[in-house]
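A look at the structure
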Amino acid sequence: MIGIRQGTPGDGALLARTAERMFRDAFAESNDPAQMDAYCATHYGEAIQRAELERPDIRVLFVEEEGSVIAYAQLRITPPEAEIWRIYVDRTQHGRGAAQM
């Protein structure tokens, strides 16, 4: 069964692993490996992701199936608006409706 849940600061390590993996899947082929490594090191560490999860203006939503994250979205909330900041779906799940959820 597929479900959605909001992330908490305790999900810092999960978000770091998931975000880096999905980012690399999406962009590694078209980027220099050294530049990819440098970018990921400065954007996807556990402490960085925990800090994002602690921010009151950011919401992280995990789409999970059988205990595994198959997609996630990060929203920036600035009332009265919300912006989709990041949205990634595991490449094995493309076309299965996770993004629409």
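The coordinates are above.
Below is a summary of the structure that appears in this document.

Procedures and definitions
Residues numbered from 1 in each chain as written. Predicted model: local features only at pLDDT ≥ 70, side-chain atom pairs only at ≥ 80, totals over all residues. Heavy atoms only, no water. Helix = DSSP H or I, 4+ residues; strand = E, 2+ residues; numbered from the N terminus. Rg over C-alpha atoms; globule rule 2.2 N^0.38 Å. Contact = heavy atoms within 4.5 Å. Areas by Shrake-Rupley, 256 points an atom, 1.4 Å probe, with all protein chains shown as cover. Lys, Arg positive; Asp, Glu negative; His and termini not counted. Charge placed at Lys NZ, Arg CZ, Asp CG, Glu CD. Salt bridge = Lys/Arg side-chain N within 4 Å of Asp/Glu carboxyl O. Buried < 20%, exposed > 50% of the residue type's maximum accessible area, 1.4 Å probe, protein only. Pairing = 2+ DSSP bridges. Axes fitted to C-alpha atoms, helices over the stretch in contact; angles between N-to-C directions. Phe/Tyr/Trp six-rings, centres within 6.5 Å; stacked < 30°, edge-to-face > 60°.

A short note on the overall build of the chain
- Across its full length, the chain holds three helices and four strands.
- Each helix and strand of the chain, ordered N terminal to C terminal, gives the series β-α-α-α-β-β-β.
- The globule rule puts the C-alpha radius of gyration for 101 residues at 13 Å, and the 14 Å found for the chain is close to it.
- Each of the three principal axes of the chain carries a C-alpha extent, and together these read 40 × 30 × 25 Å.
- Across the chain, the fraction of contacts at a sequence separation of at least 24, relative to all contacts at a separation of at least 6, is 56%.
- Working note: accessible area of the chain is about 6100 Å², and carbon and sulfur atoms make up 53% of it.
- The positive charge centre, built from 11 side chains, and the negative charge centre, built from 16, are 2 Å apart in the chain.

A closer look at the pattern of salt bridges
- One pass over the structure, following the stated rule, counts 10 salt bridges.
- With a shortest N-O distance of 2.4 Å, Arg21 and Asp90 are connected by a salt bridge. Placement of the pair is Arg21 in helix α1 (residues 12–27) and Asp90 in the segment after β4 (81–89), with a sequence separation of 69 residues.
- The partly exposed category is assigned to Arg21, whose relative accessible area is 34%.
- For Asp90, a relative accessible area of 12% corresponds to the buried category.
- Glu65 serves as the salt-bridge partner of Arg96, at 3.2 Å between the closest nitrogen and oxygen. Placement of Arg96 in the segment after β4 and of Glu65 in strand β2 (residues 58–65) is noted, with a sequence separation of 31 residues between them.
- Connected via shared salt-bridge partners are Arg5, Asp11 and Glu64.

A few points about the sheet that holds β4
- Read across the open sheet, the four strands follow the order β1-β2-β3-β4; overall the sheet is antiparallel. Of all the strands in the sheet, the pair left with one neighbour each is β1 (2–6) and β4. Here the average twist between neighbouring strands, direction ignored, is 20°.
- Relative to β4, strand β3 (residues 68–78) runs antiparallel, the two being bridged by eight bridges.

Some details on the packing of aromatic side chains
- Using the criterion set out here, one finds five aromatic pairs in the structure.
- With a centroid separation of 5.0 Å and an interplanar angle of 20°, the aromatic rings of Phe23 and Tyr39 are classed as stacked. In this pair, Phe23 sits in helix α1 while Tyr39 sits in helix α2 (residues 33–43), placing the two residues 16 residues apart along the sequence.
- Assessed through its relative accessible area of 11%, Phe23 is described here as buried.
- Note on Phe23 and Tyr44: the rings are 5.5 Å apart at their centroids and 45° apart in plane angle, and the pair reads as tilted. One end of the pair, Phe23, is in helix α1; the other, Tyr44, is in the loop between α2 and α3 (46–54), and 21 residues separate them in sequence.

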